[in-house]
Protein chains: 2
Amino acid sequence: MKDTMLDRSIIQNRGFANTFDGDRITGFQVALRNPNYRGLTSSLVDGVSVTVAGRTWTHEETSIVLQGRAFTLAELRASTGARWNADEVACVKVPLEGGLPRGVHDVAVDIRLRAPYFPIEFQPNVFHAERACTLVSPVAQPRFKYGVSTYSYTGDMHTIMTLEDAMAEIADMGATGLEILGEANVPGYPEPSKAWLDTWFANLDKYGLEPTNMGSWIDSRMWLDRDLTVEEGAAALERDIRLASLLGFSFVRPKIGVTSLELDPHPIWDEAVERNLQLAADKGVVICPEIHSPTPIKHRVVDDYIAFIERTGTKNFGLLIDTGIFMTKHAFFGLDGMAEPTSVEEVPVPLRALNVPASDLREVMPYVVFIQSKFYNVDEDLVDSHIPWEPVLDVLSETGYTGYLSSEYEGPRDPGRGTEQVRRQHAMFHRLDAEAGRA
Amino acid sequence: MKDTMLDRSIIQNRGFANTFDGDRITGFQVALRNPNYRGLTSSLVDGVSVTVAGRTWTHEETSIVLQGRAFTLAELRASTGARWNADEVACVKVPLEGGLPRGVHDVAVDIRLRAPYFPIEFQPNVFHAERACTLVSPVAQPRFKYGVSTYSYTGDMHTIMTLEDAMAEIADMGATGLEILGEANVPGYPEPSKAWLDTWFANLDKYGLEPTNMGSWIDSRMWLDRDLTVEEGAAALERDIRLASLLGFSFVRPKIGVTSLELDPHPIWDEAVERNLQLAADKGVVICPEIHSPTPIKHRVVDDYIAFIERTGTKNFGLLIDTGIFMTKHAFFGLDGMAEPTSVEEVPVPLRALNVPASDLREVMPYVVFIQSKFYNVDEDLVDSHIPWEPVLDVLSETGYTGYLSSEYEGPRDPGRGTEQVRRQHAMFHRLDAEAGRA
């Protein structure tokens, strides 16, 4: 019945934001889950103090929003008809002219709750919580459109977050693009129920999101004894173009089986794609295989894709750039449960620095339709540990790209880390946009 | 849309059980979530090996159930039309005449998945996972009815599990009783929506559960400047009796505000209850305050409750025993975020050994209507670290109690710990039942 989950931490990541009076920033807010084991009536909520960067606002200085109603401490104590239920978030508002700067902040709260079933000598119960939270503070006029792939939340999806949580998270950062993996995020794939479709569209509307790209697979080695035929490969792609179109996506990224260590796609790829070009045109979908490390831009795989575009003259096939190719430092992480590497040789190949220069992008940009902003770590100063973003974004901007940057976090999968990292990446993008003159 | 969540661990706690052919135990099963970031077609699932207690069954010896269909490895490789979606559990079946013994087992699995988009040199991907899991193995004819209070899952509810997960978990242990806290588990409390009620009853039916006891509060100190009046206290109780009855509960535990360190209930208690006795009778509900540490059985609070029963002659008021009173060892845990105690003086009062002898139960049993089987730790040999259960259960059995033991875990709140601990307590109860001659 409840379609969203709460962060384990009492302090929620979602909801941490500056607050406005018209265009003026007049404070900030922190969202909290109820630290008690029961929900309770608002008069038993005795205020919340908030500390950020060593400055404390007492429980008498903050206000709190419960079930859409704002209360000062005095109002809380006299209130009736409102509750802080166990499955609901309370939003604490802190007055601060100009608000907090964009970035990672250490936030602490003391939540005061009164419990009549405890001896009064021990009252109120004070629940302390701390967390580093990222304030995205989006600029109003960014250079690009921003989105998120649910791949960023691998491990969290279905365990601590639902698809609606992912949508709410994207909207909370001021982003608008939702990228999914068909086989990971569509219950009953490839045939979602009518009820699921209704909820899908209702939630897109609720969170103001646009479906961007849907990940698809052409599993050429589906069988041990033979490869897929062209017909079968074309049918797999057709199935996903139809599903993507039904869900409102504009892009389909086919992940085609490979035949070499350099990720040459299976030879059926071009015919399987070509047979779907008319369908893609009819459905308004662009098919876009990803250029992914260890394949650089200057490579026969990319040349072949471009030759295909030139030969067919199609507008429904293009390049998706996975920004992992621009890494200048190795990411010393395991992938999906692998052990942490202790030497470069142990680093999974796609996590090694491929050092593709941003300038290589320039000549292929006419063929680029989508950017997956793959990353492994953004530190607490909003600096990416592996990818130099400034030259990459500058080339995109200079060549007139105004499409999506769709976050694809692929670092360690500790619960909640993906959510936090994506917030940091978006804060970083907005910082770079601000530095590039956007407000 | 999805009303249940999956355990973060690849090996799920729910679903670990012996398997039967008629009455004969012929093996066991382990439930797994998909370790990959996408769902996949069944022919890419290349089997699962399972290791328990040092014995391994290879991926050729196990079978796997996907979407309700059972497959051997050869059948998997040739299969069409089935999938292991990312939000679905696969059940691995292991042949083992006589099955596994009741208790905690170290389970390890290697899940082999083929990914055509990886170079074939690195295939299949093998995902290793390990977990200690508890096999409850319920006896068919237990001495008592078993249930669980959702309080056991505090911190997990709304963050990693839904109410439906709690219901599924209870059913998975062979238990039948669902105890909730009205203010914690009923969205929109005190007025749940029609849609929520429909789901509530559908799920009770789906999981074969009976609503047992609903926790309620009479918040005598709801206001800072005055206590609740009798009228207000009676109204609070009436509200919850009506809600409990609507949801199908037979018991309502009012938590009444206290006026002393010995937890004397607020003096409005008797009149607030008495005004509701007719309503409780009409609704088939028994009101049962809890006898909770530090209040022992031989205490004026209990004497007053019994005198109330004798005076009114009511059948709709009785005693609920919280088994924390039988602790013979202190539980060195903090509660709800408090620091771990380093001395007895720092142990929260209800977690100290009150040492009430089980024999004290005997003379109050005519007034006892419900048992909350409070506990803090059951170790991996299925032995409670603080409570001697055998004499307690023997008194219950000898005095003819056949009602519920409703698990109330109150130990540390690490994610998933409550679920695991409740499974251990139920396995312990069934072991004691078996030792008492029940099969």
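So, how was this worked out
- Residues numbered from 1 in each chain as written.
- Chains lettered and ligands numbered in written order.
- Predicted model: local features only at pLDDT ≥ 70, side-chain atom pairs only at ≥ 80, totals over all residues.
- Heavy atoms only, no water.
- UniProt positions renumbered as here; feature names shortened; annotations may be inferred.
- pLDDT = per-residue confidence, 0-100.
- Salt bridge = Lys/Arg side-chain N within 4 Å of Asp/Glu carboxyl O.
- Helix = DSSP H or I, 4+ residues; strand = E, 2+ residues; numbered from the N terminus.
- Buried < 20%, exposed > 50% of the residue type's maximum accessible area, 1.4 Å probe, protein only.
- Least-squares fit on C-alpha atoms with pLDDT ≥ 70 in both.
- Contact = heavy atoms within 4.5 Å.
- Pairing = 2+ DSSP bridges.
- Axes fitted to C-alpha atoms, helices over the stretch in contact; angles between N-to-C directions.
- Buried area = accessible area lost by both parts, 1.4 Å probe.
- Left-handed = near helix turned anticlockwise from the far one by under 90°.
- Nonpolar A, V, L, I, M, F, W, Y, C, P; charged D, E, K, R; others polar.

Per an unreviewed UniProt entry, chain A is named C-deglycosylation enzyme beta subunit, and its organism is Demequina litoralis. According to the UniProt record, the Sequence similarities (unreviewed entry) comment for chain A reads "Belongs to the C-glycoside deglycosidase beta subunit family."

Caption draft 1: Local environment of the confidence of the model for chain A. When pLDDT is averaged across chain A, the result is 96; 99% of the residues are at 70 or more. Across the predicted assembly, pTM comes out at 0.96 and ipTM at 0.95.

Caption draft 2: Inspection of the pattern of salt bridges at higher detail. Tallied over the entire structure, the rule returns 64 salt bridges over all chains. Here Glu435(A) and Arg431(A) are joined by a salt bridge, their closest N and O atoms 2.9 Å apart. Linking Glu435(A) with Arg431(A), this pair stays in helix α11 (residues 417-435), spanning four residues, or about one helical turn. A residue is classified by how much of its surface remains accessible, and Glu435(A), at 52% relative accessible area, is exposed. Glu169(B) is the partner of Arg14(B) in a salt bridge, and the nearest nitrogen-oxygen pair spans 3.9 Å. Linking Arg14(B) in the segment before β1 (17-21) with Glu169(B) in helix α2 (residues 163-172), this pair joins segments that are 155 residues apart in sequence. According to the relative accessible area criterion, Glu169(B) is buried, its value standing at 2%. One network of salt bridges, with partners in common, ties together Arg14(A), Asp165(A), Glu169(A), Asp172(A) and Arg423(A).

Caption draft 3: Inspection of the relation of the copies chain A and chain B at higher detail. Least-squares fitting of chain A to chain B yields an RMSD of 0.0 Å, with the superposition described by an axial translation of 0.0 Å and a rotation of 180°. When the rotation and shift are considered jointly, the pair of chain copies conforms to a two-fold rotation axis. For chain A, the residue whose C-alpha comes nearest the rotation axis is Ile160(A), separated from it by 2.6 Å. Mapped onto chain B, 100% of the interface residues of chain A are again interface residues, and the two copies thus contact each other with one and the same surface.

Caption draft 4: Broad picture of the sheet that holds strand β2 (residues 24-33) of chain A. All names here are of chain A. Taken together, the five strands give an open sheet; going across it, the order is β1-β2-β9-β6-β7, and neighbouring strands pair in antiparallel fashion. The open sheet terminates on both sides in strands that have one partner only, identified here as β1 (17-21) and β7 (69-71). Within the sheet, the average angular offset between the axes of one strand and its neighbour, ignoring direction, is 30°. Two strands pair when backbone bridges link them, and strand β6 (residues 63-66) and β7 are joined in this way by three bridges, in the antiparallel orientation. Bridge assignment links Leu66 to a residue of β7, and that residue is Arg69.

Caption draft 5: Focus on the interface of chain A and chain B. Tallying the contact residues gives 71 residues for chain A and 71 residues for chain B. Where chain A abuts chain B, roughly 5,900 Å² becomes buried across the two surfaces, and 61% of that area is made up of carbon and sulfur atoms. Along the contact surface separating chain A from chain B lie eight salt bridges. Residue Arg83(B) is joined to Glu183(A) by a salt bridge in which the shortest nitrogen-to-oxygen separation is 2.7 Å.

Caption draft 6: Quick peek at the packing of helix α10 (residues 389-398) of chain B against helix α11 (residues 417-435) of chain B. Residues and elements named next belong to chain B. Where α10 meets α11, the closest approach of the two axes is 11 Å, and the angle between their N-to-C directions is 65°. Where α10 crosses over α11, the two elements pack in a sense that is right-handed. Of α11, the residues touching α10 (which contributes Trp389, Glu390 and Leu393) are Gln425, Met428, Phe429 and Leu432. Counted by class, the contact of α10 with α11 contains five nonpolar, one polar and one charged residues.

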